[in-house]
Amino acid sequence: MKPDNNSRLFHTEQAILQDALADIGNEAYTGNDLLFRYKALTSQYQKLLRLCRKIFHISDSQGLILQQQQNEMQMLLDNAEQGFLTFGPSLKVNRQYSQECVRIFGRKIGGEPIMELLSQGAKISGEQVADKLHKAFILPADEGKEVLKELSGIVTIDDKKVRVDYKKINQADTDSDHMLIMMIMTDITEKLKADAKIHYLSFHDKLTDLYNRSYIDYMTPMLEQADKLSLSLIMIDMNGLKVVNDVFGHIQGDQQLVSLASVLRQACRESDIICRWGGDEFVIFLPNTKQNECIAICERIGRLCREVKHTAIPLSASVGMATKDNLKIGLLEVFNTAENRMYSNKLREGQAIRQGIIDSILLRLQQQCFEEVGHNERIAVLGAEFMNYLGLPANARELDILRPLAMLHDIGKVAIPQNVLGKKGVLTAEEWEIVKKHSEIGYRMAQSISDSALAEIILALHERWDGQGYPYGLQGKNIPWLARVFAIIESYDVITHERPYGAVLNKEEALSEILHVSGQLFEPELADNFIQFMEGK
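The rules behind the values
- Residues numbered from 1 in each chain as written.
- Predicted model: local features only at pLDDT ≥ 70, side-chain atom pairs only at ≥ 80, totals over all residues.
- Heavy atoms only, no water.
- Helix = DSSP H or I, 4+ residues; strand = E, 2+ residues; numbered from the N terminus.
- Rg over C-alpha atoms; globule rule 2.2 N^0.38 Å.
- Buried < 20%, exposed > 50% of the residue type's maximum accessible area, 1.4 Å probe, protein only.
- Contact = heavy atoms within 4.5 Å.
- Lys, Arg positive; Asp, Glu negative; His and termini not counted.
- Charge placed at Lys NZ, Arg CZ, Asp CG, Glu CD.
- Axes fitted to C-alpha atoms, helices over the stretch in contact; angles between N-to-C directions.
- Parallel < 35°, antiparallel > 145°, perpendicular 65-115°, else oblique.
- Left-handed = near helix turned anticlockwise from the far one by under 90°.
- Nonpolar A, V, L, I, M, F, W, Y, C, P; charged D, E, K, R; others polar.
- Patch = residues over 30% accessible without salt bridge, like charges linked within 9 Å, V, L, I, M, F, W, Y side chains within 5 Å.
- Areas by Shrake-Rupley, 256 points an atom, 1.4 Å probe, with all protein chains shown as cover.
- Salt bridge = Lys/Arg side-chain N within 4 Å of Asp/Glu carboxyl O.
- Pairing = 2+ DSSP bridges.
- Polar contact = N/O pair within 3.5 Å; in protein donor to acceptor, adjacent residues only side chain to side chain.

1. Looking at the overall build of the protein
1) Next: Per the secondary structure count, the protein includes 22 helices and nine strands.
2) Next: In terms of C-alpha radius of gyration, the protein reaches 47 Å, well past the compact-globule figure of 24 Å for 537 residues.
3) Next: Taking all 537 residues of the protein together, 41% fall into the buried category.
4) Next: The long-range fraction of contacts in the protein, counting pairs at least 24 apart against all pairs at least 6 apart in sequence, stands at 62%.
5) Next: Within the protein, one finds 60 positive and 73 negative side-chain charges whose respective centroids are separated by 5 Å.

2. Brief notes about unusual backbone geometry
1) Next: A cis amide bond links Leu-229 with the next residue in sequence, Ser-230, at an omega value of -10°.
2) Next: Relative to the elements of secondary structure, Ser-230 occurs in the loop between α9 (213-223) and β6 (231-238).
3) Next: A cis amide bond, omega 10°, links Tyr-470 with the succeeding residue Pro-471.
4) Next: Along the polypeptide, Pro-471 turns up in the loop between α19 (452-460) and α20 (481-495).
5) Next: Even without glycine at this site, Asp-158 takes up a positive phi of about 55°.

3. Notes on the packing of helix α21 (residues 507-516) against helix α22 (residues 524-535)
1) Next: Axis separation between α21 and α22 bottoms out at 10 Å; the angle between their running directions is 165°. Considering the angle they form, α21 stands roughly antiparallel to α22. Here α21 and α22 pass one another in a crossing that is left-handed. Contacts between α21 and α22 involve Lys-507, Leu-511, Ile-514 and Leu-515 on the former and, on the latter, Ala-527, Asp-528, Phe-530, Ile-531, Met-534 and Glu-535.
2) Next: Here the contact of α21 with α22 is built from residues that sort into seven nonpolar, no polar and three charged.

4. A few points about the environment of Leu-210
1) Next: Summarising the element assignment, Leu-210 is placed in the loop between α8 (189-203) and α9.
2) Next: Here Leu-210 falls in the buried class, since its relative accessible area comes to 4%.
3) Next: Separated by 113 residues in sequence, Leu-210 and Thr-323 place their C-alpha atoms 22 Å apart.
4) Next: Every residue in contact with Leu-210, bar those within four places of it in the chain, is listed here: Phe-203, His-204, Asp-205, Ala-261, Arg-265, Ile-274, Arg-276 and Phe-282.

5. Some words on a nonpolar patch on the surface
1) Next: Together, Leu-48, Leu-51, Ile-55 and Phe-56 line one region of the surface with nonpolar side chains, adding up to about 370 Å² of accessible area.
2) Next: The topology assignment puts Leu-48 in helix α3 (residues 35-79).

6. Details of the pattern of salt bridges
1) Next: Here the structure, examined in full by the defined rule, presents 23 salt bridges.
2) Next: Here Lys-132 and Glu-150 are joined by a salt bridge, their closest N and O atoms 2.8 Å apart. Of the two residues, Lys-132 is situated in helix α6 (residues 126-138) and Glu-150 in helix α7 (residues 141-151); the sequence distance between them amounts to 18 residues.
3) Next: Close ionic contact of Glu-523 with Arg-484 constitutes a salt bridge, the shortest N to O distance being 2.6 Å. Residue Glu-523 is found in the loop between α21 and α22, and its partner Arg-484 is found in helix α20; the two are separated by 39 residues along the sequence.
4) Next: Look at Arg-484 and you get buried, because its relative accessible area is 10%.

7. Focus: the pairing of strand β8 (residues 281-286)
1) Next: Most of β8 sits inside the fold, with six of its six residues counted as buried.
2) Next: Residues Glu-281, Val-283 and Phe-285 line one face of β8 and the alternating positions Phe-282, Ile-284 and Leu-286 line the opposite face, and both faces are buried.
3) Next: Pairing geometry for β6 and β8, over six bridges, is antiparallel. When the bridges of β8 are listed, Ile-234 appears paired with Ile-284.
4) Next: As paired elements, strand β7 (residues 273-278) and β8 share five bridges and run antiparallel to each other. Each bridged residue has a counterpart across the sheet, and for Ile-273 the counterpart in β8 is Phe-285.
5) Next: The hairpin turn running from β7 into β8, its antiparallel successor, is two residues long, and Gly-279 in that turn takes a positive phi close to 60°.

8. Describing the side chain of His-409
1) Next: Residue position: His-409 is located in the loop between α15 (397-408) and α16 (418-421).
2) Next: Of the polar contacts made by the side chain of His-409, one reaches the side chain of His-375; its length is 3.3 Å.
3) Next: Excluding residues within four positions of it along the chain, His-409 makes contact with His-375, Asn-376, Ile-379, Ile-458, Leu-461, Phe-486 and Glu-490.

Laid out in structure tokens, this is it:
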């Protein structure tokens, strides 16, 4: 059997016992008067040695268990997301503390004075903290607990915000020199940042970084106070957002909103509260602002909008304002007045707004989409003459639609990449699919800035008589009549003038081409009528 630690520990005593037992068995001592007493003494010595070995065995086992428990406790502390340390009346950190303490303080801290560790972020002087900690050790448990509660709070350690709590550890049958205070530290830096971000986002619009409606709800009681009078309010509705979203996509629409938000910041003062109310609407609250001052800010918003360049369409907004001069007028009443004025202005300015959007898109179409100057005007004139030749009365609805159709028939092309529209070679299948989207884009644009009848014609302009057109493959007379007429007129003008693809044809060649595709692209009767009409010119 392998000897245990106790055997090695009591080696000398065991040897003495063995010698005594040998003496007892030695015949030379038989008859000795002291032998009996020697035997008794040896027996008691053997029992005592056996008992000591048991005691030491138990002590070793308990020591191992205690060491294992201590190791497990240290492991738990080191893997906790909190820092734990203890100190006594000397106010110096004990040698054992959790690994989180090393991260928080950036170094090992065993034996260091508590006051030096906390000196960076203490709300009170180091002497006051030390005084309170000393009191916590000598005061009764409940009073000491209250003192420690006063010291608990958030401190700054380097660039960290740390929540510090204290707990007095009362050990039974010990005096104050052996009492301990545990300090529990929680790094709340990231939590505070996250809380601040959540708080910020709860009161701000994510896209424009302006205040949102929740913030206005929060501020309403304060805006109703007398010290805010005169309180002016401006309601703003951005023009053309739907057009931008439909044609250029929501990313461009978002950029349009961001541009307007920037204008509002420039036009307003630091004391003004600018809010994105929702969608394309904004509201500005202007404390201590009289009506004439508010009018000047409205005018500044309009001027700054006109100065903005490089947006999908010209930046503009309809504006309405109202001023509250006394507490008898409620904020809701001021809001409604400003909103009604804004919608009234939008209605009055609507035609000019739409025309401005149309003009900007037509200019962009001309600059970026290889539209030849004069094309729209020529087909408007030619179309009116041809429809007159066909016998349409002067007040016909088709004639009313013709001119805006001539101006806007290719408006959807503004959303098609220039390298595709201007390509001189044959389009790939993928490129052709991109080009075909312009009919639907033009349809959506016309719906936003004009009327639905015009939009329906624009959508059908590339349908073919034989049903092989796009976007829906309509055939024959299922194609609107004006779309069938306009397709012939527009094609004739395109092939008889400069274009990035194809040679320019003379009148006879162009009419021959129209006759050639009659029954495929064009309605045969209308094609024949057009040829006769042109031959008579």
